[in-house]
Amino acid sequence: MNAEDIIRAKRDGRELTRDEINYFIQGLVNGRVADYQAAAWAMAVYFQGMTPRETSDLAIAMAYSGEVMDLSAIEGIKVDKHSTGGVGDKTTPVVVSLCAAAGVPVAKLSGRGLGFTGGTIDKFESIPGFRTELSRQEFIDQVNRIKAAVISQTGNLVPADKILYAIRDVTATVDSIPLIASSVMSKKIASGADGIVLDIKVGQGAFMKDLDSATELAESMVAIGRQAGRRVAAILSDMNRPLGWAIGNALEIQEAVDTLRGRGPDDLTELCLVLASYMVYLGGAAPSIEEARAVAEEILAGGKGYHKLCEMVAHQGGKAEDLERIAEIKPARLQVEIRADRAGYIRGLRTDEIGRIVMRLGAGRERTGEAIDHAVGVKLRCKTGDLVEVNDTLAVIYANDPQRLEEAKKAWSEVYTWGEDPPQPTPIILGTIAD
(Lines give C-alpha, C1' and ligand atoms only; values in the text may rest on other atoms or scores of the structure.)
Protein backbone atom coordinates (compact mmCIF):
# COMPACT_ATOMS: atom_id res chain seq x y z
CA MET A 1 0.00 0.00 0.00
CA ASN A 2 1.33 3.47 -0.86
CA ALA A 3 0.05 7.03 -1.24
CA GLU A 4 0.34 7.08 -5.04
CA ASP A 5 -1.93 4.05 -5.43
CA ILE A 6 -4.51 5.59 -3.06
CA ILE A 7 -4.47 8.88 -5.01
CA ARG A 8 -4.88 6.99 -8.29
CA ALA A 9 -7.75 4.93 -6.93
CA LYS A 10 -9.68 8.00 -5.84
CA ARG A 11 -8.82 9.86 -9.06
CA ASP A 12 -10.36 7.00 -11.01
CA GLY A 13 -13.49 6.99 -8.87
CA ARG A 14 -12.86 3.86 -6.82
CA GLU A 15 -14.21 3.60 -3.28
CA LEU A 16 -11.31 3.54 -0.82
CA THR A 17 -11.13 0.89 1.86
CA ARG A 18 -10.97 1.75 5.52
CA ASP A 19 -7.35 0.51 5.62
CA GLU A 20 -6.41 2.79 2.72
CA ILE A 21 -7.98 5.80 4.41
CA ASN A 22 -6.29 5.02 7.72
CA TYR A 23 -2.93 4.56 5.95
CA PHE A 24 -3.26 7.91 4.17
CA ILE A 25 -4.31 9.85 7.26
CA GLN A 26 -1.60 8.30 9.44
CA GLY A 27 0.87 9.18 6.70
CA LEU A 28 -0.20 12.83 6.81
CA VAL A 29 0.64 12.99 10.50
CA ASN A 30 3.92 11.04 10.47
CA GLY A 31 5.23 12.65 7.28
CA ARG A 32 5.06 9.57 5.09
CA VAL A 33 2.52 11.36 2.84
CA ALA A 34 3.87 14.59 1.32
CA ASP A 35 1.88 17.82 1.16
CA TYR A 36 1.72 17.64 -2.65
CA GLN A 37 0.32 14.12 -2.43
CA ALA A 38 -2.32 15.27 0.05
CA ALA A 39 -3.20 18.13 -2.33
CA ALA A 40 -3.63 15.69 -5.23
CA TRP A 41 -5.77 13.40 -3.09
CA ALA A 42 -7.96 16.30 -1.90
CA MET A 43 -8.54 17.39 -5.51
CA ALA A 44 -9.46 13.82 -6.44
CA VAL A 45 -12.00 13.77 -3.59
CA TYR A 46 -13.31 17.16 -4.70
CA PHE A 47 -14.14 15.81 -8.16
CA GLN A 48 -15.01 12.18 -7.39
CA GLY A 49 -16.67 12.62 -4.00
CA MET A 50 -16.86 9.98 -1.30
CA THR A 51 -19.45 7.44 -0.30
CA PRO A 52 -21.09 7.82 3.12
CA ARG A 53 -18.97 4.94 4.41
CA GLU A 54 -15.74 6.54 3.12
CA THR A 55 -16.69 9.89 4.65
CA SER A 56 -17.38 8.31 8.03
CA ASP A 57 -14.13 6.34 7.90
CA LEU A 58 -12.23 9.53 7.05
CA ALA A 59 -13.76 11.45 9.97
CA ILE A 60 -13.00 8.68 12.44
CA ALA A 61 -9.44 8.25 11.11
CA MET A 62 -8.80 11.97 11.56
CA ALA A 63 -10.46 12.01 15.01
CA TYR A 64 -8.03 9.36 16.23
CA SER A 65 -4.97 10.82 14.50
CA GLY A 66 -3.98 12.47 17.77
CA GLU A 67 -5.23 12.94 21.31
CA VAL A 68 -8.88 12.13 22.05
CA MET A 69 -10.59 13.73 25.03
CA ASP A 70 -11.64 11.23 27.69
CA LEU A 71 -14.69 12.68 29.42
CA SER A 72 -15.62 9.48 31.27
CA ALA A 73 -14.85 11.17 34.59
CA ILE A 74 -17.75 13.56 33.97
CA GLU A 75 -21.06 12.27 35.28
CA GLY A 76 -24.00 11.97 32.91
CA ILE A 77 -24.49 12.15 29.15
CA LYS A 78 -22.18 14.82 27.81
CA VAL A 79 -23.50 17.01 24.97
CA ASP A 80 -21.85 19.52 22.67
CA LYS A 81 -23.03 22.09 20.12
CA HIS A 82 -21.27 23.18 16.94
CA SER A 83 -22.12 25.95 14.48
CA THR A 84 -20.77 26.06 10.94
CA GLY A 85 -20.29 29.79 11.42
CA GLY A 86 -22.40 32.85 10.78
CA VAL A 87 -22.69 36.60 11.31
CA GLY A 88 -23.89 37.59 14.76
CA ASP A 89 -23.98 33.98 15.96
CA LYS A 90 -23.88 34.19 19.75
CA THR A 91 -25.90 31.07 20.58
CA THR A 92 -23.23 29.27 22.63
CA PRO A 93 -23.46 31.35 25.85
CA VAL A 94 -27.23 30.96 25.77
CA VAL A 95 -27.63 27.27 24.91
CA VAL A 96 -24.79 26.09 27.16
CA SER A 97 -26.41 27.92 30.07
CA LEU A 98 -29.91 26.59 29.35
CA CYS A 99 -28.65 23.05 28.92
CA ALA A 100 -26.50 23.08 32.06
CA ALA A 101 -29.38 24.55 34.06
CA ALA A 102 -31.41 21.51 32.96
CA GLY A 103 -28.75 19.28 34.52
CA VAL A 104 -27.11 18.14 31.28
CA PRO A 105 -23.29 18.47 31.30
CA VAL A 106 -21.70 20.56 28.54
CA ALA A 107 -17.92 20.20 28.26
CA LYS A 108 -17.30 22.52 25.33
CA LEU A 109 -14.10 23.11 23.38
CA SER A 110 -14.38 26.15 21.10
CA GLY A 111 -12.19 28.02 18.66
CA ARG A 112 -11.20 31.55 17.77
CA GLY A 113 -12.57 33.39 14.78
CA LEU A 114 -10.94 33.56 11.37
CA GLY A 115 -12.60 35.57 8.64
CA PHE A 116 -15.99 37.21 9.05
CA THR A 117 -17.87 34.63 11.14
CA GLY A 118 -16.36 35.35 14.56
CA GLY A 119 -15.19 32.91 17.22
CA THR A 120 -16.80 31.76 20.47
CA ILE A 121 -13.59 32.06 22.47
CA ASP A 122 -13.05 35.66 21.30
CA LYS A 123 -16.56 36.51 22.49
CA PHE A 124 -16.06 34.97 25.92
CA GLU A 125 -12.71 36.76 26.26
CA SER A 126 -14.55 40.08 26.02
CA ILE A 127 -15.72 39.33 29.57
CA PRO A 128 -12.98 40.82 31.82
CA GLY A 129 -11.02 38.12 33.64
CA PHE A 130 -12.69 35.16 31.90
CA ARG A 131 -10.21 32.30 31.54
CA THR A 132 -10.55 30.27 28.37
CA GLU A 133 -7.59 28.04 29.21
CA LEU A 134 -8.10 25.51 32.01
CA SER A 135 -6.14 22.40 32.84
CA ARG A 136 -7.79 19.12 31.91
CA GLN A 137 -8.58 18.42 35.56
CA GLU A 138 -9.98 21.92 36.15
CA PHE A 139 -12.17 21.49 33.08
CA ILE A 140 -13.57 18.13 34.21
CA ASP A 141 -14.02 19.26 37.83
CA GLN A 142 -15.93 22.37 36.76
CA VAL A 143 -18.33 20.43 34.53
CA ASN A 144 -18.97 17.95 37.35
CA ARG A 145 -19.57 20.82 39.75
CA ILE A 146 -21.75 23.20 37.71
CA LYS A 147 -22.45 21.22 34.48
CA ALA A 148 -20.77 23.74 32.16
CA ALA A 149 -17.37 24.89 30.94
CA VAL A 150 -16.23 26.55 27.71
CA ILE A 151 -12.51 26.51 26.94
CA SER A 152 -10.24 26.98 23.94
CA GLN A 153 -9.12 24.00 21.92
CA THR A 154 -5.75 22.84 23.19
CA GLY A 155 -3.42 19.87 22.96
CA ASN A 156 -2.92 17.58 20.01
CA LEU A 157 -6.54 17.14 18.96
CA VAL A 158 -7.05 16.05 15.35
CA PRO A 159 -3.61 16.92 13.91
CA ALA A 160 -4.53 15.33 10.56
CA ASP A 161 -7.36 17.82 10.12
CA LYS A 162 -5.07 20.78 10.81
CA ILE A 163 -2.66 19.58 8.12
CA LEU A 164 -5.34 18.70 5.58
CA TYR A 165 -7.33 21.90 6.13
CA ALA A 166 -4.25 24.05 5.56
CA ILE A 167 -3.68 22.21 2.27
CA ARG A 168 -7.35 22.52 1.23
CA ASP A 169 -7.28 26.23 2.02
CA VAL A 170 -4.64 26.91 -0.66
CA THR A 171 -5.71 24.34 -3.27
CA ALA A 172 -9.36 25.37 -3.91
CA THR A 173 -10.68 22.20 -2.28
CA VAL A 174 -12.35 23.66 0.80
CA ASP A 175 -15.92 23.40 -0.49
CA SER A 176 -16.15 19.62 -0.72
CA ILE A 177 -19.00 18.21 1.37
CA PRO A 178 -17.20 14.97 2.35
CA LEU A 179 -14.12 16.97 3.41
CA ILE A 180 -16.18 19.58 5.29
CA ALA A 181 -18.26 16.93 7.07
CA SER A 182 -15.26 14.82 8.08
CA SER A 183 -13.33 17.90 9.24
CA VAL A 184 -16.09 19.13 11.54
CA MET A 185 -17.09 15.73 12.87
CA SER A 186 -13.52 14.58 13.49
CA LYS A 187 -13.13 17.45 15.96
CA LYS A 188 -16.47 16.75 17.62
CA ILE A 189 -15.68 13.03 17.99
CA ALA A 190 -12.22 13.81 19.40
CA SER A 191 -13.78 16.26 21.87
CA GLY A 192 -15.47 13.35 23.63
CA ALA A 193 -19.16 14.31 23.75
CA ASP A 194 -21.85 11.62 23.70
CA GLY A 195 -24.44 13.81 21.97
CA ILE A 196 -23.78 16.49 19.35
CA VAL A 197 -26.14 19.19 18.12
CA LEU A 198 -25.09 20.87 14.86
CA ASP A 199 -26.27 24.31 13.76
CA ILE A 200 -25.84 24.28 9.97
CA LYS A 201 -26.09 27.85 8.69
CA VAL A 202 -27.64 28.41 5.25
CA GLY A 203 -27.53 31.54 3.11
CA GLN A 204 -25.49 34.54 2.09
CA GLY A 205 -23.71 34.89 5.43
CA ALA A 206 -22.87 31.17 5.65
CA PHE A 207 -20.48 28.77 4.02
CA MET A 208 -23.39 26.73 2.63
CA LYS A 209 -25.30 29.08 0.34
CA ASP A 210 -28.30 26.89 -0.55
CA LEU A 211 -30.59 24.56 1.35
CA ASP A 212 -29.93 21.49 -0.80
CA SER A 213 -26.17 21.59 -0.18
CA ALA A 214 -26.68 22.31 3.51
CA THR A 215 -29.06 19.37 3.81
CA GLU A 216 -26.55 17.07 2.12
CA LEU A 217 -23.88 18.25 4.55
CA ALA A 218 -26.18 17.76 7.55
CA GLU A 219 -27.12 14.23 6.49
CA SER A 220 -23.45 13.35 6.04
CA MET A 221 -22.54 14.66 9.50
CA VAL A 222 -25.39 12.83 11.20
CA ALA A 223 -24.32 9.60 9.47
CA ILE A 224 -20.72 10.08 10.64
CA GLY A 225 -21.89 10.55 14.20
CA ARG A 226 -24.01 7.42 14.02
CA GLN A 227 -21.05 5.32 12.82
CA ALA A 228 -18.88 6.76 15.60
CA GLY A 229 -21.46 5.78 18.23
CA ARG A 230 -22.64 9.32 18.90
CA ARG A 231 -26.18 10.69 18.84
CA VAL A 232 -26.39 13.67 16.51
CA ALA A 233 -29.04 16.20 15.51
CA ALA A 234 -28.56 18.86 12.82
CA ILE A 235 -30.57 22.08 12.73
CA LEU A 236 -30.60 24.05 9.47
CA SER A 237 -30.90 27.77 10.26
CA ASP A 238 -31.21 30.88 8.10
CA MET A 239 -28.15 33.09 7.60
CA ASN A 240 -29.41 35.41 4.87
CA ARG A 241 -29.51 38.02 7.61
CA PRO A 242 -27.39 38.36 10.76
CA LEU A 243 -28.61 36.53 13.83
CA GLY A 244 -30.02 39.05 16.27
CA TRP A 245 -29.07 42.71 16.10
CA ALA A 246 -25.47 42.79 17.37
CA ILE A 247 -22.29 41.81 15.53
CA GLY A 248 -19.00 42.08 17.43
CA ASN A 249 -17.59 40.35 20.48
CA ALA A 250 -18.68 42.36 23.55
CA LEU A 251 -21.84 43.49 21.76
CA GLU A 252 -22.78 39.88 21.11
CA ILE A 253 -22.12 38.79 24.69
CA GLN A 254 -24.39 41.64 25.81
CA GLU A 255 -27.13 40.42 23.48
CA ALA A 256 -26.69 36.83 24.72
CA VAL A 257 -27.12 38.11 28.29
CA ASP A 258 -30.21 40.05 27.23
CA THR A 259 -31.60 36.86 25.69
CA LEU A 260 -31.07 34.90 28.90
CA ARG A 261 -32.82 37.74 30.74
CA GLY A 262 -35.86 37.30 28.49
CA ARG A 263 -35.39 40.40 26.35
CA GLY A 264 -33.46 39.03 23.39
CA PRO A 265 -34.32 39.26 19.67
CA ASP A 266 -36.99 36.85 18.49
CA ASP A 267 -34.81 35.04 15.93
CA LEU A 268 -31.95 34.47 18.37
CA THR A 269 -34.30 33.37 21.14
CA GLU A 270 -36.08 30.86 18.90
CA LEU A 271 -32.88 29.33 17.53
CA CYS A 272 -31.41 29.03 21.03
CA LEU A 273 -34.54 27.31 22.31
CA VAL A 274 -34.47 24.82 19.43
CA LEU A 275 -30.76 24.04 19.90
CA ALA A 276 -31.13 23.77 23.67
CA SER A 277 -34.16 21.49 23.28
CA TYR A 278 -32.17 19.00 21.23
CA MET A 279 -29.26 19.18 23.68
CA VAL A 280 -31.59 18.55 26.63
CA TYR A 281 -33.21 15.66 24.76
CA LEU A 282 -29.92 14.03 23.69
CA GLY A 283 -28.63 14.53 27.24
CA GLY A 284 -31.49 12.45 28.61
CA ALA A 285 -33.15 15.20 30.64
CA ALA A 286 -36.45 14.87 28.74
CA PRO A 287 -38.08 11.91 26.97
CA SER A 288 -39.09 13.84 23.84
CA ILE A 289 -38.20 16.97 21.90
CA GLU A 290 -41.55 18.52 22.86
CA GLU A 291 -40.90 18.00 26.56
CA ALA A 292 -37.30 19.17 26.18
CA ARG A 293 -38.61 22.38 24.60
CA ALA A 294 -40.90 22.91 27.58
CA VAL A 295 -37.92 22.42 29.92
CA ALA A 296 -35.82 24.96 27.99
CA GLU A 297 -38.64 27.52 27.93
CA GLU A 298 -39.24 27.17 31.65
CA ILE A 299 -35.53 27.61 32.42
CA LEU A 300 -35.34 30.70 30.21
CA ALA A 301 -38.50 32.27 31.65
CA GLY A 302 -37.42 31.62 35.23
CA GLY A 303 -33.97 33.15 34.83
CA LYS A 304 -32.15 29.91 35.68
CA GLY A 305 -30.18 30.06 32.43
CA TYR A 306 -28.85 33.52 33.25
CA HIS A 307 -27.84 32.42 36.76
CA LYS A 308 -26.01 29.42 35.26
CA LEU A 309 -24.06 31.73 32.92
CA CYS A 310 -23.14 33.89 35.94
CA GLU A 311 -21.96 30.76 37.75
CA MET A 312 -19.80 29.66 34.82
CA VAL A 313 -18.29 33.12 34.39
CA ALA A 314 -17.44 33.28 38.11
CA HIS A 315 -15.82 29.83 38.03
CA GLN A 316 -13.67 30.86 35.06
CA GLY A 317 -12.34 34.08 36.59
CA GLY A 318 -14.86 36.71 35.49
CA LYS A 319 -17.24 38.84 37.52
CA ALA A 320 -20.90 37.95 37.12
CA GLU A 321 -21.92 41.51 37.92
CA ASP A 322 -20.10 42.68 34.76
CA LEU A 323 -22.44 40.72 32.50
CA GLU A 324 -25.33 43.18 32.67
CA ARG A 325 -23.13 45.98 31.33
CA ILE A 326 -20.46 44.12 29.42
CA ALA A 327 -20.57 46.46 26.40
CA GLU A 328 -20.20 49.51 28.66
CA ILE A 329 -17.06 48.45 30.57
CA LYS A 330 -14.65 49.32 27.73
CA PRO A 331 -16.91 50.88 25.09
CA ALA A 332 -15.78 51.81 21.62
CA ARG A 333 -14.75 55.46 21.50
CA LEU A 334 -16.55 56.22 18.23
CA GLN A 335 -20.24 55.46 17.73
CA VAL A 336 -21.88 56.64 14.52
CA GLU A 337 -25.42 56.17 13.27
CA ILE A 338 -25.94 55.19 9.64
CA ARG A 339 -29.14 56.77 8.34
CA ALA A 340 -31.28 55.89 5.34
CA ASP A 341 -31.06 58.19 2.32
CA ARG A 342 -34.16 56.65 0.76
CA ALA A 343 -37.50 55.13 1.69
CA GLY A 344 -38.67 51.62 0.95
CA TYR A 345 -38.59 48.02 2.10
CA ILE A 346 -35.31 46.29 2.83
CA ARG A 347 -35.60 43.27 0.54
CA GLY A 348 -32.23 41.77 1.38
CA LEU A 349 -28.94 42.16 3.20
CA ARG A 350 -25.44 41.27 2.08
CA THR A 351 -24.85 39.43 5.30
CA ASP A 352 -21.34 38.32 4.36
CA GLU A 353 -20.39 41.94 3.65
CA ILE A 354 -21.70 43.00 7.08
CA GLY A 355 -19.44 40.35 8.57
CA ARG A 356 -16.46 41.65 6.59
CA ILE A 357 -17.15 45.25 7.65
CA VAL A 358 -17.14 44.21 11.31
CA MET A 359 -13.98 42.14 10.78
CA ARG A 360 -12.21 45.13 9.20
CA LEU A 361 -13.25 47.30 12.15
CA GLY A 362 -11.02 44.98 14.19
CA ALA A 363 -13.52 42.47 15.59
CA GLY A 364 -12.17 39.57 13.52
CA ARG A 365 -9.02 38.22 11.91
CA GLU A 366 -7.84 37.91 8.34
CA ARG A 367 -4.84 35.82 9.49
CA THR A 368 -4.40 33.44 12.41
CA GLY A 369 -2.84 35.08 15.47
CA GLU A 370 -3.97 38.65 14.81
CA ALA A 371 -5.13 40.64 17.83
CA ILE A 372 -8.77 41.67 17.91
CA ASP A 373 -10.69 44.58 19.40
CA HIS A 374 -13.50 43.26 21.60
CA ALA A 375 -15.36 46.59 21.73
CA VAL A 376 -15.96 47.27 18.03
CA GLY A 377 -18.84 46.07 15.89
CA VAL A 378 -22.27 46.99 14.59
CA LYS A 379 -25.77 47.10 16.02
CA LEU A 380 -28.46 46.82 13.39
CA ARG A 381 -31.67 48.77 13.78
CA CYS A 382 -33.38 47.45 10.63
CA LYS A 383 -33.24 44.11 8.83
CA THR A 384 -34.80 42.34 5.87
CA GLY A 385 -38.54 43.01 5.60
CA ASP A 386 -38.52 46.33 7.47
CA LEU A 387 -40.13 49.43 5.97
CA VAL A 388 -37.71 52.34 6.21
CA GLU A 389 -38.28 56.08 5.88
CA VAL A 390 -35.69 58.66 4.86
CA ASN A 391 -33.34 59.47 7.76
CA ASP A 392 -34.29 56.38 9.79
CA THR A 393 -31.34 54.84 11.60
CA LEU A 394 -30.26 51.66 9.82
CA ALA A 395 -27.36 50.74 12.10
CA VAL A 396 -24.87 52.04 14.64
CA ILE A 397 -21.17 51.44 13.98
CA TYR A 398 -18.87 51.06 17.00
CA ALA A 399 -15.21 51.81 16.23
CA ASN A 400 -11.93 52.80 17.83
CA ASP A 401 -10.00 53.71 14.66
CA PRO A 402 -11.23 56.77 12.68
CA GLN A 403 -9.89 55.45 9.37
CA ARG A 404 -11.55 52.08 9.81
CA LEU A 405 -14.76 53.85 10.75
CA GLU A 406 -14.73 55.85 7.50
CA GLU A 407 -14.09 52.69 5.48
CA ALA A 408 -17.00 50.98 7.23
CA LYS A 409 -19.34 53.89 6.50
CA LYS A 410 -18.45 53.80 2.81
CA ALA A 411 -18.89 50.03 2.60
CA TRP A 412 -22.28 50.17 4.32
CA SER A 413 -23.95 51.66 1.25
CA GLU A 414 -23.50 48.29 -0.50
CA VAL A 415 -25.22 46.25 2.23
CA TYR A 416 -28.90 46.69 1.31
CA THR A 417 -31.23 45.64 -1.49
CA TRP A 418 -34.30 47.87 -1.68
CA GLY A 419 -37.77 47.52 -3.11
CA GLU A 420 -41.30 48.92 -3.03
CA ASP A 421 -42.81 45.67 -1.70
CA PRO A 422 -41.80 43.56 1.29
CA PRO A 423 -40.02 40.25 0.65
CA GLN A 424 -41.55 36.91 1.53
CA PRO A 425 -40.67 36.24 5.19
CA THR A 426 -38.51 33.22 5.97
CA PRO A 427 -38.33 31.34 9.29
CA ILE A 428 -35.10 31.07 11.29
CA ILE A 429 -35.37 27.24 11.32
CA LEU A 430 -35.24 25.76 7.81
CA GLY A 431 -35.16 22.07 8.72
CA THR A 432 -34.00 19.40 11.15
CA ILE A 433 -32.18 16.11 10.60
CA ALA A 434 -31.66 13.69 13.47
CA ASP A 435 -30.62 10.07 13.83
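Residues numbered from 1 in each chain as written. Predicted model: local features only at pLDDT ≥ 70, side-chain atom pairs only at ≥ 80, totals over all residues. Heavy atoms only, no water.

1. Comments concerning the packing of aromatic side chains
- Across all of its chains, the model carries five aromatic pairs by this definition.
- Relative to phenylalanine 47, the ring of tyrosine 46 has its centre 5.2 Å away and its plane inclined at 85 degrees; by these criteria the two rings are edge-to-face.
- Members of the aromatic cluster, connected to one another through ring pairs, are Trp412, Tyr416 and Trp418.
- Across the ring face of tyrosine 306, the terminal group of arginine 261 is positioned such that the distance to the ring centre comes to 4.3 Å.
- In this arrangement the basic side chain of lysine 383 is found over the ring face of tryptophan 245, its NZ or CZ atom lying 5.0 Å from the centre. (Phe/Tyr/Trp six-rings, centres within 6.5 Å; stacked < 30°, edge-to-face > 60°. Lys NZ or Arg CZ within 6 Å of the ring centre and 35° of its normal.)

2. Some words on helix α13 (residues 289-302)
- Taking 1.5 Å of rise per residue, 14 residues should cover 20 Å, and α13 covers 20 Å from first to last C-alpha, within 8% of that figure.
- Among all positions of α13, only Ala292, Ala296, Ile299 and Leu300 are buried. The arc that holds every buried residue of α13, seen down its axis, measures 100 degrees, which confines them to one face. Exposed side of α13, more than 90 degrees from the buried face: Glu290, Glu298, Ala301 and Gly302 are the residues found there.
- In this structure, the buried side of α13 is in contact with α5 (91-101), α11 (249-260), α12 (266-282) and α14 (304-315). (Helix = DSSP H or I, 4+ residues; strand = E, 2+ residues; numbered from the N terminus. Expected span 1.5 Å × (residues − 1). Buried < 20%, exposed > 50% of the residue type's maximum accessible area, 1.4 Å probe, protein only. Arc of directions from axis to C-beta. Contact = heavy atoms within 4.5 Å.)

3. Here's the deal with unusual backbone geometry
- At valine 158, a position not held by glycine, the phi torsion is positive, near 50 degrees.
- Given the relative accessible area of 2%, valine 158 is considered buried.
- In this model, alanine 172 sits at a positive phi of 60 degrees, which is unusual for a non-glycine residue.
- Relative to the elements of secondary structure, alanine 172 occurs in the loop between α8 (159-169) and α9 (177-190).

4. Some thoughts on the pattern of salt bridges
- A full pass over the atoms with the stated rule returns 33 salt bridges.
- When the shortest N-O distance is used, the salt bridge between arginine 8 and aspartate 5 registers 3.0 Å. Remark: aspartate 5 and arginine 8 occur in helix α1 (residues 3-11); sequence separation between them is three residues, near one turn of the helix.
- When its relative accessible area of 34% is taken as the criterion, arginine 8 is described as partly exposed.
- The exposure class assigned to aspartate 5 is partly exposed, which follows from its relative accessible area of 39%.
- Between lysine 383 and aspartate 267 there is a salt bridge, with the nearest N and O atoms lying 3.0 Å from each other. Placement of lysine 383 in the loop between β9 (377-380) and β10 (387-388) and of aspartate 267 in helix α12 is noted, with a sequence separation of 116 residues between them.
- Residue lysine 383 is classed as buried on the basis of its relative accessible area, which comes to 7%.
- By relative accessible area, which is 13% here, aspartate 267 ends up buried.
- Here the residues in one salt-bridge network are Arg350, Asp352, Glu353, Arg356 and Arg360, joined through shared partners. (Salt bridge = Lys/Arg side-chain N within 4 Å of Asp/Glu carboxyl O.)

5. What about the side chain of serine 183?
- Note on placement: serine 183 falls in helix α9.
- Within the local environment of serine 183, its side chain forms a polar contact with the side chain of lysine 187, the two groups lying 3.2 Å apart.
- Here serine 183 is in contact with Met62, Asp161 and Arg168, once residues within four sequence places are set aside. (Polar contact = N/O pair within 3.5 Å; in protein donor to acceptor, adjacent residues only side chain to side chain.)

6. Considerations on the sheet that holds strand β12 (residues 416-419)
- The antiparallel open sheet is built from three strands, whose spatial order is β10-β8-β12. With one partner strand each, in any of the chains shown, β10 and β12 form the two edges of the open sheet. (Pairing = 2+ DSSP bridges.)

7. Looking at the sheet that holds strand β6 (residues 246-247)
- Taken in spatial order, the four strands line up as β6-β9-β11-β7 in an open sheet, and their pairing is antiparallel. Where the open sheet ends on each side, the last strands, each with one partner, are β6 and β7 (334-339).
- With six bridges connecting them, β7 and strand β11 (residues 393-399) associate as antiparallel partners. When the bridges of β11 are listed, glutamine 335 appears paired with tyrosine 398.

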